[in-house]
Amino acid sequence: MVLSPSSYGLQPWRFLVVLFGVAGASVVALVSFAASVYLALVWWFGSPDSDSAISHFDSLPQWLGGAVAGSLVWAYHRSLLRQQPDAPRTEMDRVYEHVMSAAGLLSTAAGAVTLVAALIEAATDTDVLRGGESSNTLLLAATLLAAGLPVWLVHWRSTIQRDEVRERLTATRRLYLFALLGIGGLVGLGTAIATVYLFLRDIIEGRLEGATLRAARYPLAILATCGAVGTYHLVVYRREHSVSPPVVTRRRILVAGPRDEELHSALASMSGLDVEWIMDGHGAWPTKEVVERVSRSSDDMVLVLSESGL
């Protein structure tokens, strides 16, 4: 049996929809929404660069337009991926959920970095909360967290609340966790080196003081955020892989009748099946009935679609 992306329900057009229509649009919508909210928060609670509302909100129409356009593009392409409620879960569903989780996590991590950096600055400067750029930094952190955290929580919970034994064996799950841990580790290592350099430099020069901590606030914030994100996902990875994998018995399913892409994707998403098609005739398969029959049995099967039915 030759395996291809379509064997897992990963048609090329779906990849394009997820990468550009869903991921690209969601990033545009999140960034534009966060920028719009940030402008409003700075005007009311922060320190705007101008006393004129017209000048301060000069870029607001563009950001609002980007938020609306990004949301509409995302909604349209999400509808292309949506399946029937009773349809089997495919690998593309997993790809979508993990892509959205990554987008939300990126915004959340940026907000956490900004917040930690602002808190370090506040601890080393008594005037930090009295206005100026530092108060705007706190507002930016709150905006990024408010924009990204709900997106990450909704889609990440959707992935971890499913059957862990089945989900942890998927290529999408492994790739997501490996990429996250690998990239986070590299970023953490780079910022750790930068932090050590800043402290060693000031120690050697004999001027280790609060200014050193302020200068290293962003490397320290990135290091703390990478550590928290990496530790959490490492715990998830170890917990999922502590469960013994089920013994999978391969079954052979011989399908005689017209080739149906919907049925093909449904059977491909079921584990432990070797499916072989014998194309003959025309017609549409009763996908739900086929999936139910295959799920109820543990034997090899021959499925035939004739004029009288399945």
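Cut-offs and rules
- Residues numbered from 1 in each chain as written.
- Predicted model: local features only at pLDDT ≥ 70, side-chain atom pairs only at ≥ 80, totals over all residues.
- Heavy atoms only, no water.
- Axes fitted to C-alpha atoms, helices over the stretch in contact; angles between N-to-C directions.
- Helix = DSSP H or I, 4+ residues; strand = E, 2+ residues; numbered from the N terminus.
- Parallel < 35°, antiparallel > 145°, perpendicular 65-115°, else oblique.
- Left-handed = near helix turned anticlockwise from the far one by under 90°.
- Nonpolar A, V, L, I, M, F, W, Y, C, P; charged D, E, K, R; others polar.
- Contact = heavy atoms within 4.5 Å.
- Buried < 20%, exposed > 50% of the residue type's maximum accessible area, 1.4 Å probe, protein only.
- Pairing = 2+ DSSP bridges.
- Phe/Tyr/Trp six-rings, centres within 6.5 Å; stacked < 30°, edge-to-face > 60°.
- Lys NZ or Arg CZ within 6 Å of the ring centre and 35° of its normal.
- Salt bridge = Lys/Arg side-chain N within 4 Å of Asp/Glu carboxyl O.

**Topic: the packing of helix H7 (residues 171-204) against helix H9 (residues 217-241)**
Then step 1. Taken N-terminus to C-terminus, the directions of H7 and H9 make an angle of 150°; their axes are 8 Å apart at the nearest point. The angle between H7 and H9 places the two elements in the roughly antiparallel class. By crossing handedness, the relation of H7 to H9 is classed as left-handed.
Then step 2. Taken together, the residues of the contact of H7 with H9 break down into 17 nonpolar, 6 polar and 2 charged.

**Here's the deal with the packing of helix H10 (residues 261-268) against helix H11 (residues 287-296)**
Then step 1. One way to put it is that H10 packs onto H11 with a least axis distance of 10 Å and a crossing angle of 25°. Judged on the interaxial angle alone, H11 and H10 are roughly parallel. As for how H10 packs across H11, the hand of that crossing is right-handed. Each of Glu 262, Leu 263, Ala 266 and Leu 267 in H10 lies in contact with H11, whose residues at this interface are Thr 287, Val 290, Val 291 and Val 294.
Then step 2. Partitioning the contact of H10 with H11 into residue classes produces 6 nonpolar, 1 polar and 1 charged.

**Concerning the environment of Ala 221**
Then step 1. Note on placement: Ala 221 falls in helix H9.
Then step 2. Under the relative-accessibility criterion, Ala 221 is labelled buried at 0%.
Then step 3. Placed 107 residues apart in sequence, Ala 221 and Thr 114 show a C-alpha to C-alpha distance of 7.3 Å.

**A short note on the pairing of strand E2 (residues 273-278)**
Every regular strand shows the same layout, with side chains that alternate between the two sheet faces.
Then step 1. In E2, alternate side chains face the same way, and those of Leu 273, Val 275 and Trp 277 are buried while those of Asp 274, Glu 276 and Ile 278 on the opposite face are not.
Then step 2. The pairing of strand E1 (residues 251-256) with E2 spans 6 bridges and is parallel. Within the sheet, the bridge partner assigned to Ile 253 lies in E2 and is Val 275.

**What about the packing of aromatic side chains?**
Then step 1. Summed over the entire model, instances satisfying the criterion amount to 7 aromatic pairs.
Then step 2. Their ring planes at 10° and their centres at 6.5 Å tell us that Trp 152 and Trp 156 sit as a pair that is stacked. With Trp 152 and Trp 156 both in helix H5 (residues 133-160) and 4 residues apart, the pair spans about one turn of that helix.
Then step 3. Residue classification places Trp 152 among the buried residues on the basis of a relative accessible area of 12%.
Then step 4. Ring plane angle 90° and centroid distance 6.3 Å describe the contact between Trp 277 and Trp 285, whose orientation is recorded as edge-to-face.
Then step 5. Take Trp 277: its relative accessible area is 13%, and that puts it in the buried class.
Then step 6. A residue is classified by how much of its surface remains accessible, and Trp 285, at 5% relative accessible area, is buried.
Then step 7. Connected via pairs of aromatic rings, a cluster forms that spans Trp 152, Trp 156, Tyr 176 and Tyr 232.
Then step 8. Positioned above the aromatic ring of Tyr 96, the side-chain terminus of Arg 78 is 3.9 Å from the ring centre.

**What to know about the pattern of salt bridges**
Should the charged atoms of two oppositely charged side chains come close, the side chains can pair.
Then step 1. Scanning the entire structure with this criterion turns up 6 salt bridges.
Then step 2. Residues Arg 217 and Glu 121 are paired through a salt bridge, measuring 3.5 Å at the closest nitrogen-oxygen approach. Of this pair, Arg 217 sits in helix H9 while Glu 121 sits in helix H4 (residues 91-124), placing them 96 residues apart in sequence.
Then step 3. Taking the relative accessible area as the measure of exposure, Arg 217 reaches 21% and is therefore partly exposed.
Then step 4. Between Arg 207 and Asp 202 there is a salt bridge whose closest N-O contact spans 3.4 Å.

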